[in-house]
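Below are the chains, spelled out letter by letter.
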Amino acid sequence: MLVIQGKQVFPAIATGPLAFFRRNTGFTALCHIKDTEAEVQRFQTARKISIEQLRSLYARALGRIGETEAAIFEVHQIMLDDNDYIEGIERLIRNEKMNAEAAVEQVAQQFAEMFRSMSDAYMQERAVDILDISRRVQGQLNGGKRDDFSAYSGTILVADDLSPGEILQLDTNKVLGFVTSCGSTSSHAAILARTLSMPAVVNTGLALSADVEGKLAIIDGFTGTVYIDPDHATMAAMKKKQDEAVIHKKYLDTFCGKKTYTADGKRINVFANVDNLGNLSQIIANDAEGIGLFRSEFLYFENTGYPSEEQQFVVYKKITEMMQGKTVIIRTLDIGADKKVDYFDLKKEENPAMGMRAIRICLTRPELFKTQLRALCRASAYGKIAVMFPLIISVDEVRRSRILLSQVQDELRQQKIPFDKEMQVGIMIETPAAAIISDELAKEVDFFSIGSNDLTQYTLAIDRQQSDLDEFFDPHHPAVLRLIDMTVKNGHKEGIWVGICGELGADLSLAETFLRMGVDEFSVNPPSVLSLREKISSVDLSK
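Every value quoted in this text rests on a predicted model; they were computed, and no experiment measured them.

**Side note on the overall build of the protein**
Tallying secondary structure elements over the protein gives 20 helices and 17 strands in all. In terms of overall dimensions, the protein is globule-like: its C-alpha atoms have a radius of gyration of 25 Å, near the 24 Å expected for 543 residues. Evaluated residue by residue, the protein yields a buried proportion of 53% over its 543 residues. Contacts in the protein between residues far apart in sequence, at least 24 positions, make up 69% of those at least 6 positions apart. Carbon and sulfur atoms form 51% of the exposed surface of the protein, whose accessible area is close to 24000 Å². One finds the centroid of the 62 positive side-chain charges in the protein at a distance of 4 Å from the centroid of its 76 negative side-chain charges.

**Some remarks on helix H4 (residues 100-116)**
Spanning 17 residues, H4 covers 24 Å between terminal C-alpha atoms, matching the ideal 24 Å at 1.5 Å per step. Looking only at H4, the buried set comprises Ala 100, Glu 101, Ala 102, Ala 103, Val 104, Val 107, Ala 108, Phe 111, Ala 112 and Phe 115.

**Considering the UniProt feature "active site" (unreviewed entry) in the protein**
Taken from the UniProt record, the annotation "active site" (unreviewed entry) applies to His 188 and Cys 501. These annotated residues cover 314 residues of sequence, and their C-alpha atoms sit far apart, with the largest distance between any two at 23.0 Å. For His 188, the position within the fold is in helix H7 (residues 188-195). When near neighbours in sequence (up to four residues on either side) are disregarded, His 188 contacts Ile 72, Arg 126, Asp 129 and Pro 164. Of note, Cys 501 is situated in the loop between strand S16 (497-500) and helix H19 (508-517). A relative accessible area of 3% places Cys 501 in the buried class. If we ignore the near neighbours within four places in the chain, the residues touching Cys 501 are Asn 273, Leu 293, Met 428, Ser 449, Ile 450, Gly 451 and Ser 523.

**Things to note about the sheet that holds strand S7 (residues 216-220)**
Spatial strand order, S1-S8-S7-S3-S4-S5-S6-S2: eight strands in an open sheet with mixed pairing. Here the strands that pair on one side only, and so sit at the sheet edges, are strand S1 (2-5) and strand S2 (7-10). When the angles between neighbouring strand axes are averaged without regard to direction, this sheet yields 30°. Inspection of the sheet shows strand S5 (residues 175-180) paired to strand S6 (residues 200-202) by two bridges, in the parallel sense. Across the sheet, the residue bridging to Val 179 is Val 201, located in S6.

**Considering helix H11 (residues 309-322)**
Given 3.6 residues to a turn, an α-helix orients residues that are three or four positions apart in the same direction. Its 14 residues place the ends of H11 20 Å apart at the C-alpha level, agreeing with the 20 Å of an ideal helix rising 1.5 Å per residue. For H11, the complete set of buried residues consists of Glu 309, Gln 312, Phe 313, Val 315, Tyr 316, Ile 319 and Thr 320. Looking straight down H11, one finds that the buried residues subtend no more than 170° of arc, so they occupy a single side. Note on H11: the residue one or two positions beyond its end, Gln 324, has a positive phi of about 50°.

**Some details on unusual backbone geometry**
The backbone of Asp 287 shows a phi angle near 55°, a positive value even though the residue is not glycine. Following the sequence through the fold, Asp 287 ends up in the loop between helix H9 (280-285) and strand S11 (291-295). A residue is classified by how much of its surface remains accessible, and Asp 287, at 17% relative accessible area, is buried. Here Lys 416, not a glycine, exhibits a phi torsion of approximately 55°, which is positive. Checked against the element boundaries, Lys 416 lands in the loop between helix H14 (395-414) and strand S14 (425-429). Looking at Lys 416, the relative accessible area reads 72%, which means it is exposed.

**Here's the deal with the pattern of salt bridges**
Opposite charge on two side chains permits them to pair, given that their charged atoms come into close proximity. Using the criterion set out here, one finds 31 salt bridges in the structure. Where Arg 267 meets Glu 289, a salt bridge forms, and the shortest distance between an N and an O atom there is 3.1 Å. With Arg 267 in strand S10 (residues 267-274) and Glu 289 in the loop between H9 and S11, this residue pair connects regions lying 22 residues apart in the sequence. Given a relative accessible area of 12%, Glu 289 falls into the buried group. Members of the salt-bridge network, linked through shared partners, are Glu 309, Glu 310, Lys 370, Arg 374, Arg 378 and Glu 411.

**Quick word on the domain arrangement of the protein**
Along its sequence, the protein is carved into domain 1 (2-23 + 148-234), domain 2 (36-142) and domain 3 (264-538). Between the C-alpha centres of domain 1 and domain 2 there is a distance of 25 Å. Contacts between domain 1 and domain 2 engage 18 residues on the former and 16 residues on the latter. When domain 1 packs against domain 2, the two sides together hide about 1400 Å² of surface, and 63% of this comes from carbon and sulfur. It is Pro 164, Leu 168 and His 188 that lose the most area in domain 1 upon contact with domain 2, and together they represent 38% of the buried surface on that side. Here domain 1 and domain 2 share zero salt bridges between them.

Cut-offs applied
Residues numbered from 1 in each chain as written. Predicted model: local features only at pLDDT ≥ 70, side-chain atom pairs only at ≥ 80, totals over all residues. Heavy atoms only, no water. Helix = DSSP H or I, 4+ residues; strand = E, 2+ residues; numbered from the N terminus. Rg over C-alpha atoms; globule rule 2.2 N^0.38 Å. Buried < 20%, exposed > 50% of the residue type's maximum accessible area, 1.4 Å probe, protein only. Contact = heavy atoms within 4.5 Å. Areas by Shrake-Rupley, 256 points an atom, 1.4 Å probe, with all protein chains shown as cover. Lys, Arg positive; Asp, Glu negative; His and termini not counted. Charge placed at Lys NZ, Arg CZ, Asp CG, Glu CD. Expected span 1.5 Å × (residues − 1). UniProt positions renumbered as here; feature names shortened; annotations may be inferred. Pairing = 2+ DSSP bridges. Axes fitted to C-alpha atoms, helices over the stretch in contact; angles between N-to-C directions. Arc of directions from axis to C-beta. Salt bridge = Lys/Arg side-chain N within 4 Å of Asp/Glu carboxyl O. Domains from an automatic or database assignment. Buried area = accessible area lost by both parts, 1.4 Å probe.

The following block contains the structure:
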């Protein structure tokens, strides 16, 4: 038996034969060419086709894994538009009369080595990204032949590393898991594997030889261990571990179909966050009690122009009907900062996280805002919709938003178009400003939803997208928790309910803290719903 230790990615057991992942590497050898401009054009054509492929992958990823994880494919598009990368390749073609395939390979290796030499772990991971986008361009230069992922069925995949695009194309119903000699638990590939619930071990540091292909292996995703040709004792231990995990999963399933209560009987709502309609199957499977955050931005990401009222109405109506009377809280447009849409023509900002985004765009473009509000109101006639305004920092913003909502509802009345006249209106508490004046804001709305991601970012003055600051980014910081506590208390004083919809909502180590603060509702990613309900049921607030 060969035992290999790596880093665990997703806690699950997988058993099956090993299969090596074979890429269509294509031709990258150096050749001298005569017509350099034609070769530059050939590279540019391959680059543009690759960008279109990445756009398609992004759209596909939105449906499978949601907006946050799909963002890597936007990052890859940006990398393919990088001037230094493009100019480096074109310079080699023109000055060295080098073929495009070899020029891409040389520049990719130079950039990858530069990233690997950096001390920051996040920047080191960019080496994988630069090689991934370069392989994509080389594939186009070599005729566009794609890797055949259908060949891997009932196997555990073995590779040096896997790119996010490769992970996304794996059939998770057929591929049992994967093992890589490189990579890290914070890589985009690992993040995707967790999102897709794939057993995986990365960074084993050992390139397996071809003689292990087809041999039986076990991945222990709980410890990051891989057993090749396992003995009977190991197989029995892993089988027991897998059975225990299955039993626990079945126990979690017992929470389905029931309302969530603490051990002493306090009713708590456990809702789910939704990036698009593709998440609905997960929401139903995990029996979320409602939707606490429906991110409407995907409608704008997937369009080449502003989505019409009818387009939006069809989506809002569909999700409302599918939830069969359960609450659906739809956050109005939150474009800006790290979420860019070209046709919005937002000017370049030095600090976009603090610039023109979210409610600021809506209030400065009222017709755009009213189009979305009309669609929301019309859909409210088909279920229990609530509307929620993001990134509020003042009472004035809430009042201006509600005036526009009232105008839309008056127009619908005049046109005899039905809508829910009792539709609740809430705001997100995402800034220290909103938390501090939450006593005033609570008088204007029906509920609060605390967006802990941005609240942490703005409170700590740390860009949450900048991974090299992770050691300073502390979502458990006392200042963040005090602002949350203040918000809950101020909301309850005015008789409104308060939820939390950021990453902290799914943090089981804080669940009891939030319950004792008085949080009424948690909205989390769908796979976290049942675990959170189990945790809540164990808390006795009377003690």
